[in-house]
Amino acid sequence: MATPAEILVPGASGEGPALVLSAPISFWGGVDPKSGRIADVRHPQCGQSLSGKVLFLPGTIGSSSASAVLMELVHAGHAPAALVLHEPDAILLLGLIVAREMGWETPVAVKLGRDAFGAFTGKQVRVGGDGEVAILGTDSAA
């Protein structure tokens, strides 16, 4: 299964297990930039690692520091393999843009309707630089 998505921030293609969050998250205080783990004890997926995952974000809880946390994740090697957002978050995505300007390899970020997220739960997923989101291990995957 392959689904085209809108590219929000170009970056390296990424693949890994899908981490489909069941609730919005704040990167500032909600994600540990040193480990890449969800640190917010109120979040349903507290303790899960974002590192190397294709992260499906149903929403974000805003903070002007979210971009700094995402940039730290990229620099520390704990960033998601790719980001799939239901709604663009300019502040969060700024972290990818700045990391890229610093010369660091950054993951691609795309926009995909939240209604499509469930199809990727528990699957190995690839997000291409062209914005295609595909489940690996199926005949139609790229």
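Please read these numbers as outputs of a predicted model, since none were measured by experiment. Just so you know, the residues in each chain are numbered from 1, in the order the chain's sequence is written. Local features are withheld for residues below a pLDDT of 70 in this predicted model, meaning they are given only at 70 or higher, and side-chain atom pairs are given and counted only at 80 or more; totals for whole chains, interfaces and linings count all residues. To get the side-chain values, all heavy atoms of the structure are used, and hydrogens and water are removed first.

S.K.: Explain the overall build of the chain to me, using residue names and the numbers behind them.
M.R.: The secondary structure content of the chain amounts to 2 helices and 8 strands. By the criteria applied, helices consist of DSSP H or I runs no shorter than four residues and strands consist of E runs no shorter than two, each listed in order from the N terminus. If you list the helices and strands of the chain from N to C, you get β-β-β-β-α-β-α-β-β-β. Between the two quantities, the radius of gyration covers C-alpha atoms and the globule rule is 2.2 Å times the number of residues to the power 0.38. Since a compact globule built from 142 residues should have a radius of gyration of about 14 Å, the 14 Å found for the chain is in line with a globular shape. Once the C-alpha set of the chain is aligned to its principal axes, its extents read approximately 40 × 35 × 25 Å. Under the scheme applied here, a residue whose accessible area is under 20% of the maximum for its type counts as buried, over 50% as exposed, and between as partly exposed, the area being computed with a 1.4 Å probe on protein chains only. Looking at the chain residue by residue over its 142 residues, the buried ones come to 46%. Two residues form a contact once any of their heavy atoms are found within 4.5 Å. Counting contacts in the chain only where the partners sit at least 6 residues apart, residues at least 24 apart contribute 73% of the total. Carbon and sulfur atoms form 53% of the exposed surface of the chain, whose accessible area is close to 6,500 Å². Note on areas: Shrake-Rupley with a 1.4 Å probe; residue coverage comes only from the protein chains shown.

S.K.: Tell me about the UniProt feature "domain: Phosphomevalonate dehydratase small subunit-like" (unreviewed entry) in the chain, and please be specific about residues and values.
M.R.: Sites flagged by UniProt as "domain: Phosphomevalonate dehydratase small subunit-like" (unreviewed entry) map to residues 25-99. Summarising residues 25-99: 28% helix, 11% strand, and an end-to-end C-alpha distance of 21 Å. UniProt positions are given in the numbering used here, feature names are shortened, and annotations may be inferred rather than shown by experiment.

S.K.: Could you give an account of the packing of aromatic side chains, with specific residues and numbers?
M.R.: Put simply, two rings from Phe, Tyr or Trp (the six-membered ring, in Trp's case) pair if the centres are within 6.5 Å, and we call them stacked under 30 degrees between planes, edge-to-face over 60, tilted for the rest. Applying the stated criterion across every chain, the model contains 2 aromatic pairs. Plain terms: the ring middles of Phe 56 and Phe 117 are 5.2 Å apart, the flat faces sit at 75° to each other, and that makes the pair edge-to-face. Residue Phe 56 is found in strand E4 (residues 54-57), and its partner Phe 117 is found in the loop between strand E6 (109-111) and strand E7 (124-127); the two are separated by 61 residues along the sequence. Judged by relative accessible area, which is 3%, Phe 117 ranks as buried. Look at Phe 56 and Phe 120: their rings are 5.2 Å apart centre to centre, the planes differ by 20°, and that puts the pair in the stacked class. Of this pair, Phe 56 sits in strand E4 while Phe 120 sits in the loop between E6 and E7, and the two are 64 residues apart along the sequence. Assessed through its relative accessible area of 0%, Phe 120 is described here as buried. In this structure an aromatic cluster arises from ring pairing among Phe 56, Phe 117 and Phe 120.

S.K.: Quick rundown of the pairing of E4? Include the residues and the values.
M.R.: Burial along E4 is two-sided: the face carrying Val 54 and Phe 56 and the face carrying Leu 55 and Leu 57 are both buried. At least two DSSP bridges between two strands are required for those strands to pair. As judged from the 3 bridges shared by strand E3 (residues 14-20) and E4, these two strands associate in the parallel manner. Across the sheet, the residue bridging to Leu 19 is Leu 55, located in E4. In this structure, E4 lies alongside strand E5 (residues 82-85), joined through 4 bridges in parallel fashion. For Phe 56, the partnering residue across the bridge sits in E5 and is Val 84. On the question of chirality, the crossover connecting E4 to the parallel E5 by way of helix H1 (residues 66-76) is right-handed. The definition of a right-handed crossover adopted here requires that, viewed with the strands pointing away, the path from the first strand over the helix to the second runs clockwise.

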